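Examining the three-dimensional arrangement
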Amino acid sequence: MKTLVLNVDRDDDFGRKANIKSPIIGIKNNIDAANRLGQADPEDSDLNAIFSAISIYYKLLKEKKDVEIATICGDINVGIKSDEIITKQLEQVIYQTKVDDVILVTD
């Protein structure tokens, strides 16, 4: 069984502040995204969430689990518009990664 550690940024701080297009799939891409957002806004709460997701990813990997990590982002207009974008990205991530279950991480 393959597990996805999924970080969700509903208001797209990664896109708006760090100019990162989502979905962000894979450990290297998520670490790079965290570093870019951290440099753009070191006090953003999404940093806690992405680093928590990264920590969970490595914990599961250490336990020899089949694991993937991704971050998906919505829109500054949090609500229906943001959630529609998140839904489309989630479908894309599931399709690309072929995961069986998800661990959700958010701020």
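Above: the structure in question.
So, here's what we can say about the structure. All values derive from a computational prediction rather than experimental measurement. (Residues numbered from 1 in each chain as written. Predicted model: local features only at pLDDT ≥ 70, side-chain atom pairs only at ≥ 80, totals over all residues. Heavy atoms only, no water.)

For the coordinates displayed, the defined rule picks out nine salt bridges. Put simply, Asp-41 and Lys-17 hold a salt bridge, and the shortest N to O gap is 2.7 Å. Of this pair, Asp-41 sits in the loop between α2 (27-40) and α3 (45-62) while Lys-17 sits in helix α1 (residues 13-18); the two residues are 24 residues apart in sequence, bridging distant segments of the chain. The exposure class assigned to Asp-41 is partly exposed, which follows from its relative accessible area of 21%. With a relative accessible area of 34%, Lys-17 lands in the partly exposed category. Residue Lys-81 pairs with Asp-75 through a salt bridge whose shortest N-O separation is 3.8 Å. (Salt bridge = Lys/Arg side-chain N within 4 Å of Asp/Glu carboxyl O. Helix = DSSP H or I, 4+ residues; strand = E, 2+ residues; numbered from the N terminus. Buried < 20%, exposed > 50% of the residue type's maximum accessible area, 1.4 Å probe, protein only.)

Okay, α2 next. Between its first and last C-alpha, α2 extends 20 Å over 14 residues, near the 20 Å set by a 1.5 Å rise per residue. Along α2, the residues that are buried comprise Ile-27, Asn-30, Ala-33, Ala-34 and Leu-37. Buried residues of α2, seen end-on, are gathered within an arc of 125° and therefore sit on one face of the element. More than 90 degrees from the buried face of α2, the exposed residues found are Lys-28 and Gln-39. (Expected span 1.5 Å × (residues − 1). Arc of directions from axis to C-beta.)

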